[in-house]
Amino acid sequence: MEEISLAINGIRVSCTPGTSILEMAEKNGIKIPKLCYHPDLEPFGACRLCLVEDEKSGRIMASCVTPVAPNMEIVTDSPRVIKHRKNIVRMMIAEHPESCIVCSKGNRCQLRQIAAQMGIGETDLYPMPNYKQLEVDNPFIVRDLSKCILCGKCIRADHELVVVGAIDYNLRGFKSRPATLHDLALEHSNCTFCGTCVSICPTGALAVRDTKYVGTPDREEYTTCGFCGVGCSLLMGVFDDRVVEINPGGLHGSVNGATLCVRGHFAHDFLNARGRLTQPMIREGDQLEPVSWDEALSTIAKRLGAIKKNYGPQSIGLFGSSKCTNEENYLFQKIARTILGTNNVDNGGYLAGRSALRVIHERTDGGCRINSIDNLCGAESILVLGANPAQSAPVLSYAIKRAAKGGTPLIVVDPRKTDLTPLSSLWVPISPNKDCEWINSLAAILWKKFGHDTAFIERFTEGFGPYSDALSSFNPERLCLATGTDMASLERAAELLKGKKIAVVVGHGITQQRSGARTMDALLNLSLMTGSIRTKAGGLYVIAKENNEVGAWDMGTVPNALPGRLPLSNADARKEWERTWNVKISPDQGLNLIRMIEESEKGNLKALYIMGENPLRSLPQGDRVMEAMKKLDFLVVQDILHNETTRIADVVLPGAAFCEKAGSFTNMEGRIECFSEVVPPPGGSKPDWEILDLLATRMGHEKRYGSLDKIRAEMTRSIALYANLKENTNKNFSWIKETSKLRLFSSNGEGTMIPFSSLRPVETEITDDEYPFTAILGSQRFHLGSGTRTAHSERIRDFGLKGEVELSPEDGATMNLKSGDTVQVQSREGALTREIRLEKGLRPGLVFVPTAFHGNDALNLLGLIQLEDTQSQGFKMCQVRLEKLGDNK
Amino acid sequence: MKPKEIDWNQLSSIIEKHKGEQWGLIPLLQEIQEAIGYIPPKSIEKISDAVNLFPAQVQGVITFYAGFTLKPKGKYVVRVCRGTACHVKGGRSILRLMKKELGLEEDETSPDYQFTLETVACLGACFLAPTMMVNRTYYGRLSPTKVSSVLAQFKKQKGE
Ligand code: SF4
Ligand code: SF4
Ligand code: SF4
Ligand code: FES
Ligand code: FES
């Protein structure tokens, strides 16, 4: 496109047509004051502060909404401009309340900054403060709309970035203010408390509710959110070595830009919780007594050494962490494999359904790992299965919603109405555990309608013949019926997807379900058939529950794979690592989390070393897990918070939270994010890698690493996937390296073909007449995982969520239950007592049980069973019955 | 005051008619306002679903335009002019009289939903000052007797 040439403040410049004057000025290093402009939002022209003058025409105009035109002669600070600008600010200040002086936005208020810059102290105007009710009833956001300057940034952020639509302008003129529907308090609206509007508000009208620790930050540092697998970049405000404030990192190219979710924004107050561990402790009878690091570490080395000697390496188990860094997980499994000599090492990712994901990993030869969330905005269609990302991975949901708002067809396949269904083109209310059949029926119809990508299939795949034959012989009508949905919606789905690449988004509703592996298999077939892999227009997005679920697997903190996800059963891979580490690696597959508990129960496992997991809360059947662990000779727990598991430990080691150490996480996109320490670890606690490093040397590792860089260097050298991990600073990230040998993923068009897999037979259903309801377990956005950390957040606690069990109004009527009644939910494995809420749109026969509440008692309903067992119901659902205990008073 | 009964069927059919229309919001709101006399707050979510907007956005449009109201109004909306010309010609006494006659304060509606009393800044008919409007009809050169006779006319209609 031809560039436009014009002048600004006497300098000749050129830029592309369509650029606004403001952007052009900024590109040329000229600053124009602005209050309502934000680079991520549609320009709005509300505040008029960005006025400039075109000397040629004599026109004064708002530069943020005026595009450049040829031969303009822009002046940004002519006397006329300055005069107008000053008047605007004077009027804003005249309308502002006196509480300005004690405003919590303090020096970060942009209005105050601009007033100061322009030398406006007294306005010489009659003050006309516009008092509005102060809203302080929720623990997250304080709204003082007396201070609102109607810049509309909060509204645009809410509509354009997070796509919630909680607020908009209400009324007009002097009365006009951003308001929720019916002008209710935020907690009575559909606001998600993501806080995005708070960070973007230029004044003190929207502010964060204080917790115990406040203060104007004396410095700000970037880091990566430690909650979910989206891996948002955060900017932490620090006062006196405490994190007192969190804002979105706003970094170019980051996953989240100017957005966050309620956890990232507000729940990090757990960092300052009273329950933080600050010193090593050793059990003396019933008590945990503080000891020195030296004593704690030598005790561990001694006891583990003795147990290994007496009972063999297989008598020791290690729980690594999907929350700890890559470097720490690498070191952790290295200790297990090289010093203790066991593959009994696992992490919480097992419960998130890792075994289902292995199907993809194996079939793609480790490809398909890189799926940038940003690409979703350019996807041709989006298919979301078994996921409610607005709760589990909110920032991912923003991208999906933005795409859907922009017209991308969005299909939601879920037994429940999710937060995405209102924006979707189609919601398929499928029966639980039937996704595989539905996907195969969809594939059959697409095949019939020529919805496949012949060029892609020929170029990259093999075995399409038998696969398509199987599809042809299918009776989609019959299969569709079995999924509890109708043919019409299947046809509609096929119509929406035909000829399009599909971005598939998969959640724990799939990976944790009984037939998760079959479903993933079917999905990959569908993606291959439609040519949707390795293109920006499609993709396969798997939601990671925890921040480093992906990295922990990559680092080999799993019983059946070495770092780099190389199968332990592969003799060559073992040899490779034996050379690198200079030790013999046991070829015996280790125990997974569940098996470790079973072996402890049987008395075969004698010692357990747990880093950053709280199995008493995160595993099914907490009581049984507790009994099993009590049988151990020796239990070490390395964590950041006092929790259910530290209470029964023999040795407790205080680790550091993510922002108290340096390291890297790998997110669900395949992005490796590096960060450095923001605040020092509290009290006597230490970064987990340092603890492991110290312990390893005591147990015979020849030499200490001594620094994170040395660990990272070894990883980068020896793990092909992580070869890109440079020594980068906290603002940086790199992507996982593509290592798949398949042609589909190679850069030079060479390599082997990816096979279609045959359709797997339908499984028999598990039904149980005594337990007529199907309970679905799922998360709510205020908590993460089992809720250990979020339950330590003062704000989340203050919000007073009850975690009601949801039931359909139809079942409510039959059972004579109404919202607020108390019920007991019972499965064959256990029970819980909770209030219920009747939820319109929920399928009769289903109940929804939110996890992480009340010590995560939801997991009592599940059996302590492995996902791959034939009798397993998975970690997502189980059969239950309900019994009314009390009336809503 | 007893809440006004809403004919939800009628409302739904109006909403249904404009469903999916890209620029359908304002005509849709106008039609509801016309048919029901106001826009029931409870209908906002249904409306926003139909036109693919956020409920808060729909509310913003309703409260922006003076022609839409969220509160039920009377069958007859009386607007007394409080503009300068009318003021000079005794608009204030006309308002006072009106309040007495109807037993209503400004912006109030009678419990039987017959009358709503409002004021406006200028009806744009200053040459007829003092003025008022009942629904869409203008009344000028008002005097206490004229006010009473105009009102009587509507009160009579009511009796029918
Ligand atoms: S609340 Fe803040 S962001 Fe929203 S319009 Fe007012 S000043 Fe702007
Ligand atoms: S906190 Fe988030 S959801 Fe709530 S109003 Fe602000 S931007 Fe919208
Ligand atoms: S979406 Fe996940 S990573 Fe982002 S702020 Fe929320 S919890 Fe943190
Ligand atoms: S920044 Fe341009 S009008 Fe506000
Ligand atoms: S002042 Fe009353 S009509 Fe103009």
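Thresholds applied
- Residues numbered from 1 in each chain as written.
- Chains lettered and ligands numbered in written order.
- Predicted model: local features only at pLDDT ≥ 70, side-chain atom pairs only at ≥ 80, totals over all residues.
- Heavy atoms only, no water.
- Buried < 20%, exposed > 50% of the residue type's maximum accessible area, 1.4 Å probe, protein only.
- Helix = DSSP H or I, 4+ residues; strand = E, 2+ residues; numbered from the N terminus.
- Pairing = 2+ DSSP bridges.
- Expected span 1.5 Å × (residues − 1).
- Contact = heavy atoms within 4.5 Å.
- Phe/Tyr/Trp six-rings, centres within 6.5 Å; stacked < 30°, edge-to-face > 60°.
- Lys NZ or Arg CZ within 6 Å of the ring centre and 35° of its normal.
- 1 Å grid on protein atoms, 1.4 Å probe; cavity = no way out; pocket = protein on both sides within 12 Å on 5 of 7 lines; lining within 4 Å.
- Points joined across faces, edges and corners; volume = space filled by probe spheres on them.
- Nonpolar A, V, L, I, M, F, W, Y, C, P; charged D, E, K, R; others polar.
- Near = heavy atom within 4 Å.
- Sits in = over half its atoms within 2 Å of the grid points.
- Axes fitted to C-alpha atoms, helices over the stretch in contact; angles between N-to-C directions.
- Domains from an automatic or database assignment.
- Patch = residues over 30% accessible without salt bridge, like charges linked within 9 Å, V, L, I, M, F, W, Y side chains within 5 Å.
- Areas by Shrake-Rupley, 256 points an atom, 1.4 Å probe, with all protein chains shown as cover.
- Salt bridge = Lys/Arg side-chain N within 4 Å of Asp/Glu carboxyl O.
- Buried area = accessible area lost by both parts, 1.4 Å probe.
- Polar contact = N/O pair within 3.5 Å; in protein donor to acceptor, adjacent residues only side chain to side chain.
- pLDDT = per-residue confidence, 0-100.

A. Region of the structure containing the pairing of strand β1 (residues 4-8) of chain A. Residues and elements named next belong to chain A. Within β1, 4 of the 5 residues are buried, leaving the element largely enclosed by the surrounding structure. As paired elements, β1 and strand β2 (residues 11-15) share 5 bridges and run antiparallel to each other. Counted as the bridge partner of Ala7 is Arg12 from β2. The turn joining β1 and β2, which pair antiparallel and follow one another in sequence, is formed by 2 residues; a positive phi near 45 degrees is taken by Asn9. As defined by bridge partners, β1 adjoins strand β5 (residues 73-75) across 2 bridges and the pair is classed as parallel. Counted as the bridge partner of Ile8 is Ile74 from β5.

B. Broad picture of helix α2 (residues 79-94) of chain A. Residue and element names in this part refer to chain A. The first and last C-alpha atoms of α2 sit 22 Å apart over 16 residues, in line with the 22 Å expected at 1.5 Å per residue. Along α2, the positions that sit buried rather than exposed are Val81, Arg85, Ile88, Val89, Met92 and Ala94. Considering only its buried residues, α2 is in contact with β3 (51-54), β4 (59-62), β5 and α3 (110-117).

C. Spotlight on the packing of aromatic side chains. By the definition in use, this model includes 24 aromatic pairs over all chains. Taking 6.3 Å as the distance between ring centres and 55 degrees as the angle between the ring planes, the aromatic pair formed by Tyr330 of chain A and Trp581 of chain A counts as tilted. Residue Tyr330 of chain A is found in helix α8 (residues 326-340), and its partner Trp581 of chain A is found in helix α20 (residues 571-581); the two are separated by 251 residues along the sequence. When its relative accessible area of 0% is taken as the criterion, Tyr330 of chain A is described as buried. For Trp581 of chain A, a relative accessible area of 8% corresponds to the buried category. The rings of Phe140, Phe193, Phe266, Phe782 and Phe799 of chain A are connected pair by pair, giving a single aromatic cluster. For the cation-ring pair, Arg172 of chain A lies above Phe64 of chain B, with the distance from its terminal atom to the ring centre recorded as 4.5 Å. If you follow Arg416 of chain A out to its NZ or CZ, it ends over the ring of Phe848 of chain A, 3.4 Å from the centre.

D. Inspection of empty space enclosed by the protein at higher detail. Residues and elements named next belong to chain A. As enumerated under the stated definition, the model contains 11 cavities of 30 Å³ or more in all. For the largest cavity, the calculated volume is near 360 Å³. Lining the largest cavity are 26 residues, and of these Leu357, Arg369, Val542, Trp553 and Arg565 sit closest to its centre. Put simply, the parts of the chain that give the lining of the largest cavity at least two residues each are α9 (354-363), α17 (508-511), β23 (539-542) and α19 (549-554). In terms of residues, the lining of the largest cavity owes the most to one element, α9, which gives 4 residues. The residue makeup of the lining of the largest cavity, split by class, is 13 nonpolar, 8 polar and 5 charged.

E. How the structure looks around the site of ligand 1. Residue and element names in this part refer to chain A. With respect to spatial proximity, 13 residues lie near ligand 1, and among them Cys148, Cys151, Gly152, Cys154 and Cys201 are the closest. Comparing atom positions with the cavity grids shows ligand 1 to sit within the second largest cavity. Tallied by class, residues from the shell around ligand 1 come to 10 nonpolar, 2 polar and 1 charged.

F. Structural detail: the sheet that holds strand β35 (residues 822-827) of chain A. All names here are of chain A. In spatial order, the strands read β33-β37-β34-β36-β35-β38; together these 6 strands close into a barrel with mixed pairing. Strand-to-strand twist across the sheet, computed as the mean angle between neighbouring axes with direction ignored, equals 45 degrees. In this structure, strand β33 (residues 773-778) lies alongside strand β38 (residues 877-886), joined through 4 bridges in antiparallel fashion. Bridge pairing links Ala775 to Cys878 in β38.

G. Region of interest: the domain arrangement of chain B. Taken as a whole, chain B is organised into domain 1 (8-64) and domain 2 (76-159). On a C-alpha basis, the centroid separation for the pair domain 1 of chain B and domain 2 of chain B is 30 Å.

H. Structural context of the sheet that holds strand β30 (residues 671-675) of chain A. Residue and element names in this part refer to chain A. With respect to topology, 3 strands assemble into an open sheet ordered β29-β30-β31, the strand pairing being antiparallel. Only two strands of the sheet have a single partner each, and these edge strands are β29 (663-666) and β31 (733-735). Between one strand axis and the next, the sheet turns by 20 degrees as a mean value, whatever way the strands run. The pairing of β30 with β31 spans 3 bridges and is classified as antiparallel. Counted as the bridge partner of Arg671 is Trp735 from β31. Contacting β29 and β30, α8 runs over the sheet at an angle of about 90 degrees to β29.

I. Region of the structure containing a nonpolar patch on the surface. Residue and element names in this part refer to chain A. On the surface, Tyr126, Met128 and Phe174 cluster together into a nonpolar patch covering about 390 Å² of accessible area. Secondary-structure assignment places Tyr126 in the loop between α3 and β6 (134-135). Looking at Tyr126, the relative accessible area reads 69%, which means it is exposed.

J. Looking closely at the domain arrangement of chain A. Residue and element names in this part refer to chain A. On domain assignment, one finds that chain A holds domain 1 (4-77), domain 2 (125-272), domain 3 (281-351 + 548-659 + 685-719), domain 4 (354-542) and domain 5 (773-886). Measuring from the centre of the C-alpha atoms in domain 3 to the corresponding centre in domain 5 gives 32 Å. Carbon and sulfur atoms make up 58% of the area that domain 3 and domain 5 hide from each other, which totals about 1700 Å². Connecting domain 3 to domain 5 are 0 salt bridges. At the boundary of domain 3 with domain 5, the tally comes to 8 residue pairs in polar contact (both at pLDDT 80 or more). For the side of domain 3 that touches domain 5, the elements supplying multiple residues, two or more each, are α21 (593-602), α22 (615-618) and α23 (622-630). Take the side of domain 3 that touches domain 5: its biggest share by element is 4 residues, from α21. Across the side of domain 3 that touches domain 5, the residue classes tally to 9 nonpolar, 7 polar and 6 charged.

K. Highlighting the environment of Ser93 of chain B. Residue and element names in this part refer to chain B. If you trace the backbone, Ser93 turns up in helix α6 (residues 91-102). Residue classification places Ser93 among the partly exposed residues on the basis of a relative accessible area of 39%. Between the alpha carbons of Ser93 and Thr63 there is a distance of 30 Å; along the sequence they are 30 residues apart.

L. Layout of unusual backbone geometry. For the bond running from Ala129 of chain B to Pro130 of chain B, omega is -10 degrees, close enough to zero to count as cis. Of note in this structure, Cys368 of chain A is not a glycine but carries a positive phi near 65 degrees. Among the structural elements, Cys368 of chain A can be located in the loop between α9 and β18 (382-385).

M. Representation of the site of ligand 2. Within the structure, ligand 2 sits among Ile141, Asp158, Val162, Val164, Ala166, Ile167, Cys191, Thr192, Phe193, Cys194, Gly195 and Cys197 of chain A. When each cavity is represented as a set of grid points, ligand 2 is found to reside in the second largest cavity.

N. Representation of the confidence of the model for chain B. Residue and element names in this part refer to chain B. Scored by pLDDT, chain B has a mean of 91; 96% of the residues are at 70 or more. When mean pLDDT is taken per element in chain B, helix α4 (residues 55-64) scores highest with 96 and helix α7 (residues 144-159) scores lowest with 82. Taken together, the chains of this predicted complex give a pTM of 0.94 and an interface ipTM of 0.90.

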